[in-house]
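A look at the structure
So you can see what is in the structure, the chains are spelled out below.
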Amino acid sequence: QVQLVESGGGLVQAGGSLRLSCTASGRAFSTYNMGWLRQAPGKEREFVGAIRRTGSTYYTDSTKGRFTISRDNAKNTVYLQMNSLKPEDTAVYYCAATVQIIATGRYEYDYWGQGTQVTVAS
C-alpha cells in the first residue's frame, strides 16, 4: 500500500508555470506507475499524464508539450511541471498510483492523494 500527498498548487496568471509534487510513503514507490489526473468543477476527473516505473511518460493531447512529469525514486516523489498554463487548466490535481503499464482512466488507479487546487487566472 502507498499513501500519497500532493503539494505545490496555487493561483497563477495565464501563461505562467507551476510545479506540483507528490510524495509517497512506503518503500514500494519505485514499483508503481504514477499518474496525474485533474477534476474541474462540474466535470469528470480526467487524465493529464503519467510516468511509468521505467521513467517513460505519456500525456493527454491537451497537455502534451506544456506539461512534463518526472520522478525521483530516491525521494519517493513524482513531479508535474506545468508551463504555459491556461484558464482551462484550472482544476484540482491528483496524483495516483497504479500497477498498470498504461492507465488513462480514473478507475485504473489504485491509490490517490487528496488533491491540490490549481487556479489559472485570465
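Residues numbered from 1 in each chain as written. Predicted model: local features only at pLDDT ≥ 70, side-chain atom pairs only at ≥ 80, totals over all residues. Heavy atoms only, no water.

What follows deals with the nonpolar core. Judged by nonpolar contacts, the single largest core of 27 residues is most densely connected at Leu-4, Met-34, Trp-36, Val-78, Leu-80, Met-82 and Tyr-93. Residue assignment for this core shows that the elements contributing at least two residues are strand E3 (18-24), strand E4 (33-39), strand E5 (46-51), strand E7 (67-72), strand E8 (77-82), strand E9 (91-98) and strand E11 (116-121). Residues Leu-37, Phe-47, Tyr-58 and Ala-103 belong to the second largest nonpolar core, which totals 7 residues. (Core = buried A, V, L, I, M, F, W, Y, C linked by side-chain atoms within 4.5 Å. Buried < 20%, exposed > 50% of the residue type's maximum accessible area, 1.4 Å probe, protein only. Helix = DSSP H or I, 4+ residues; strand = E, 2+ residues; numbered from the N terminus.)

Considering all chains together, one arrives at 1 disulfide under this definition. Here Cys-22 connects covalently by a disulfide to Cys-95, the sulfurs 1.9 Å from one another. Its torsion about the S-S bond being 50 degrees, the disulfide of Cys-22 and Cys-95 is classed as right-handed. A residue pair is termed long-range when its members are at least 10 positions apart, and Cys-22 in strand E3 and Cys-95 in strand E9 qualify at 73 residues. (Disulfide = S-S within 2.5 Å.)

Within the secondary structure, Tyr-58 is located in strand E6 (residues 57-59). Taking the relative accessible area as the measure of exposure, Tyr-58 reaches 15% and is therefore buried. The spacing of Tyr-58 and Asp-110 is 52 residues in sequence and 19 Å in space, taken between C-alpha atoms. With sequence-adjacent residues up to four places away left out, Tyr-58 is seen in contact with Phe-47, Gly-49, Ala-50, Arg-52, Ile-101, Ile-102, Ala-103, Thr-104 and Tyr-109. Polar contacts involving the side chain of Tyr-58 include one to the main-chain amide nitrogen of Ala-103, which spans 2.8 Å. (Contact = heavy atoms within 4.5 Å. Polar contact = N/O pair within 3.5 Å; in protein donor to acceptor, adjacent residues only side chain to side chain.)

Within the structure shown, the criterion is met by 4 aromatic pairs. Measuring from ring centre to ring centre gives 6.1 Å for Tyr-94 and Trp-112, while their planes differ by 80 degrees; the resulting arrangement is edge-to-face. Here Tyr-94 is found in strand E9, whereas its partner Trp-112 is found in strand E10 (residues 111-112), with 18 residues between them in sequence. Tyr-94 sits in the buried class, given a relative accessible area of 14%. A cation sits over an aromatic face here: Arg-45 above Tyr-94, 3.8 Å from the ring centre. For the cation-ring pair, Arg-45 lies above Trp-112, with the distance from its terminal atom to the ring centre recorded as 4.8 Å. (Phe/Tyr/Trp six-rings, centres within 6.5 Å; stacked < 30°, edge-to-face > 60°. Lys NZ or Arg CZ within 6 Å of the ring centre and 35° of its normal.)

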